[in-house]
Each structure stands twice: as structure tokens, then as C-alpha cells.
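Listed below, chain by chain, are the residues.
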Amino acid sequence: MPRWKWRFCMHILAIETSCDETAAAVIEKNGSNIKILSNVIASQIDLHKKFGGVFPEIASRAHAEKIITVSEEALKENKDIDVIAVTTGPGLIGSLLVGVNFAKTLAFSKKLPIIGVNHWLGHIYSNWAKKPYPTFPALVLIVSGGHTGLVLMKSHNKIFTLGETLDDAAGEAFDKVSNLLGLGYPGGPAISAAAEKYKASSETKSGSQAPQEVLYAAPVERISFCDERVKLPRPMLGSKDYNFSFSGLKTAVLYEFKKHHQNNLVKFEIASEFQQAVIDVLIGKTTQAAYEFKPKSICLCGGVSANKELREQMEKAVAALPWKTTYFVPPINLSTDNAAMIGLAAAYHLNQKTTWDKIIVDSNLKL
Ligand code: KG4
Ligand code: ZN
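Figured I'd write up the structure that's included with this text. (Residues numbered from 1 in each chain as written. Chains lettered and ligands numbered in written order. Predicted model: local features only at pLDDT ≥ 70, side-chain atom pairs only at ≥ 80, totals over all residues. Heavy atoms only, no water.)

Before going further, it helps to spend a moment on the packing of helix H2 (residues 56-75) against helix H3 (residues 93-110). Here H2 crosses H3 at 30 degrees, and the two axes come no closer than 8 Å. Judged by the inter-axis angle, H2 sits roughly parallel to H3. When you trace H2 past H3, the crossing you get is right-handed. Residues Ala59, Ser60, His63, Ala64, Ile67, Ile68 and Ser71 of H2 pack against Gly94, Ser95, Val98 and Phe102 of H3. Classifying every residue of the contact of H2 with H3 gives 6 nonpolar, 5 polar and no charged. (Axes fitted to C-alpha atoms, helices over the stretch in contact; angles between N-to-C directions. Helix = DSSP H or I, 4+ residues; strand = E, 2+ residues; numbered from the N terminus. Parallel < 35°, antiparallel > 145°, perpendicular 65-115°, else oblique. Left-handed = near helix turned anticlockwise from the far one by under 90°. Contact = heavy atoms within 4.5 Å. Nonpolar A, V, L, I, M, F, W, Y, C, P; charged D, E, K, R; others polar.)

This is the structure in C-alpha cells:
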């Protein structure tokens, strides 16, 4: 058992390799002041683009190639580390193993304690990057490529899952729909850009407006590029639980796309309607949970929280609640995968530190 020093001011080296970003960060915990000292990310987007999604074998090989240089870069200004934090799951098994084995080797050779961090917990803590921090109870919507769920945090150690996706995650739906429409990878930014194009072109198009419909969040004025307005379902919006389902939406997109003979302009209209359908469901479920649990904070996190429309419409929906609730959303660079969020989660759970031999990978790890 190594003799761990305890210091009031601690430095945590965090490692994240659960999917297609090789990431390392250093977090400083000085009493209750916690800050990000470095946050380095090597993205693999270019490697996976031609496959329209993450190719697991290529991802793990790229992590193995990058993990040392990325960590060295993160440690450049802060070499004195007290604790190591690493994502142990959920994620791609080959990718997770690279980060975990690297972190374990470092903990063993430097005789340092190590903390295994759940990737979703990391996403949650991207909202704790700077003060003011969310206050409890906090309602957290996690929307990423691998997971969609609503979580109620009563404290740092009392975290309850209210509901989650029964099939595809929201980000996964963005990626699949983008592929289907031929808009490229990663799907989130591609759909978002296509929806912006639709908005811009529909604003300049002359002619009569389609009947306006009040959606769950912000009402959107639309003009259609086909005879009928493209209309997609809002899956599970009316269900009494907090679960989600996005796979049917993807099939509905396929039918709409075929119906309109894969016309280019209609493609942007479908992208816009798809984005709004996802946003309506996410905001609808979040406000439904807010009415039940009356949280003091509502937090958005995960890769899909980088979506501009979602960020803005959620802000409006939270502001419209009839009691005071503060809205939190991480900066874009902490919305998508990064190691700083893993280090932040570890900083709030330092009591979970253990030795390298106790750390195991679980690609299906639950919150
Ligand atoms: O959290 P993340 O980086 O990785 C996982 O934990 O899965 O999330 C990645 C997901 C991808 O599906 C990507 O398409 C989506 O986040 N995403 C977006 C946007 N940027 C990334 N989705 C919608 N709009 C965006 N701007
Ligand atoms: Zn993630």
C-alpha cells in the first residue's frame, strides 16, 4: 500500500479515452476552489469521417498512439500530481482499456492513488467548471452520443436516474440522421448547420407561410420547400415517465426523405424539423421533471449540449418556469468529450481514491 501524502492543495491528472477523443487534463483542488489548469484533447474525427461513425479498432489504436503526448502536454506546466483520475466506463472497451491501463501504470510507477470515474458523471461535472456552481437539488439532462438521461442530484453523493433512453441516444440519432441525409460526420454539427441553412433560406423565400404550430419550447415560424410541411413525431413526449426513445424518429426521417425524392432543399427542412423534434422532447421531459422535483438548478451536459438551438431554447424554457431556477450549461469545449470534466468529477469524490489494482474497466457501467 503506497504512503499517500495529503495536501490541502491537490493536483489531479485526469485521463479520458472512452470514445474517439484522447484527452488529458490537470485539475487543481485548493480547499473548495477547484480549477482547470490544463485541458488537452486530440480529436480523431478525421480518422472516422469516411466510415460515418467511430470505427472502434481505429479508435483504440489512435488512443495508444496519442495518450503519452497528450498527457505530457497536459502536464507541461504542472508536473506535481497527487491523484490520477480515469474514465472506467461506459464506452468502447478497446478505447477505455488504453486510458485505464495507462493511468494504472502511472499510478503504480509513481505510487499515486487513482479514482475510476463514470463518463456520465464526468459530463454532469462539466457544469462545475467555474463558480457559481449549481445548487441542489439539481436536475441534469445528459445528452451525448452514447447516452440520454435525466438525473436528479440531491447532493454530490445522492444522484438518482429519473429516466433514460430506451434505444438510441440523442447524439446517436443526430449522427444516424445526418448519415441518412448525406450531411456528413459528426452528425450533430452537420444537422445544426443544415437547420441554420434552412432557417436562412426559408426567411428569404417568398410565398405564403405554413400554419404556425406551437411547439413545446419556442414556436418556430416555418416555410416549406415541398407541398406539405415536413412533420416528424415527438417520441414519448406525452408519456408519464422520464424515458426517451429516438430510434423511431430516425425511421420517420427515412420515410420523409424518400417521400420527397431526396430533394436537396427538403433535406435541410428535414434536418431542421428533426433537430426541433429532438429539442421538443428534451425540453418537454426536462420541464415535466422540473414541475415534479422543483430543482434549484437545471443543468444541460453532453455532446448534444453543444447545439446552439437546444442551449437557447432550454434557457427560455427554464426562464419561463414559475419559480426561480438557475440554468447551467458548460462552455462548448466542455460539452463534448474532454478530460477536465473527469478531473472535476474526481475532485468532488476524492474519498473514492484507491490503488491501481482495484480499478477495472466496465464498458456498460451505470451511473
Ligand atoms: O459527449 P460526446 O462528445 O460523446 C459521448 O459521450 O458520446 O457526444 C458526442 C455526440 C455526437 O453524437 C455528436 O453528433 C453530438 O454529440 N454533437 C452534437 C453537436 N455537437 C456534437 N449534437 C447536436 N448539435 C451539436 N452542435
Ligand atoms: Zn461523452
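Moving on, there is more to tell.
Take the layout of surface pockets next. The calculated volume of the largest pocket comes to roughly 1300 Å³. Lining of the largest pocket is provided by 47 residues; of these, Cys19, Ser144, Gly145, Gly146 and Asp175 occupy positions nearest its centre. Mapped by element, the contributors of at least two residues to the lining of the largest pocket are helix H4 (119-125), strand S8 (158-164), helix H5 (170-180) and helix H6 (187-204). Across the lining of the largest pocket, the residue classes tally to 17 nonpolar, 21 polar and 9 charged. (1 Å grid on protein atoms, 1.4 Å probe; cavity = no way out; pocket = protein on both sides within 12 Å on 5 of 7 lines; lining within 4 Å. Points joined across faces, edges and corners; volume = space filled by probe spheres on them.)

For the structure shown, the criterion picks out 14 salt bridges. Measuring nitrogen to oxygen at the nearest pair gives 3.3 Å for the salt bridge that ties glutamate 309 to lysine 199. Within this pair, whereas glutamate 309 is found in helix H9 (residues 308-319), its partner lysine 199 is found in helix H6, the two being separated by 110 residues in sequence. You can call glutamate 309 buried: its relative accessible area is 14%. Looking at lysine 199, the relative accessible area reads 37%, which means it is partly exposed. Here glutamate 273 and lysine 231 are joined by a salt bridge, their closest N and O atoms 3.7 Å apart. You can see glutamate 273 sitting in helix H8 (residues 264-293) and its partner lysine 231 sitting in the loop between H6 and helix H7 (247-259), a full 42 residues away along the chain. Given the relative accessible area of 0%, glutamate 273 is considered buried. On the basis of relative accessible area, lysine 231 is assigned to the partly exposed category, the value being 32%. Within this structure, Asp168, Glu172, Lys176 and Lys250 form a network of salt bridges that share partners. (Salt bridge = Lys/Arg side-chain N within 4 Å of Asp/Glu carboxyl O. Buried < 20%, exposed > 50% of the residue type's maximum accessible area, 1.4 Å probe, protein only.)

With respect to spatial proximity, 19 residues lie near ligand 1, and among them Gly145, Asp175, Gly188, Gly303 and Asp337 are the closest. Between a nitrogen atom of ligand 1 and a side-chain N or O atom of asparagine 307, the distance comes to 3.0 Å. Relative to its unbound accessible surface of 550 Å², ligand 1 loses 88% to contact with the protein. Structurally, ligand 1 is housed in the largest pocket. (Near = heavy atom within 4 Å. Polar contact = N/O pair within 3.5 Å; in protein donor to acceptor, adjacent residues only side chain to side chain. Areas by Shrake-Rupley, 256 points an atom, 1.4 Å probe, with all protein chains shown as cover. Sits in = over half its atoms within 2 Å of the grid points.)

On to the pairing of strand S4 (residues 83-89). Taking burial as the measure, the 7 residues of S4 include 7 buried ones, the bulk of the element. As paired strands, strand S1 (residues 9-16) and S4 are joined by 4 bridges and run parallel to one another. Each bridged residue has a counterpart across the sheet, and for isoleucine 15 the counterpart in S4 is valine 86. (Pairing = 2+ DSSP bridges.)

Spatial relationships are all this shows, so hold off on functional conclusions.
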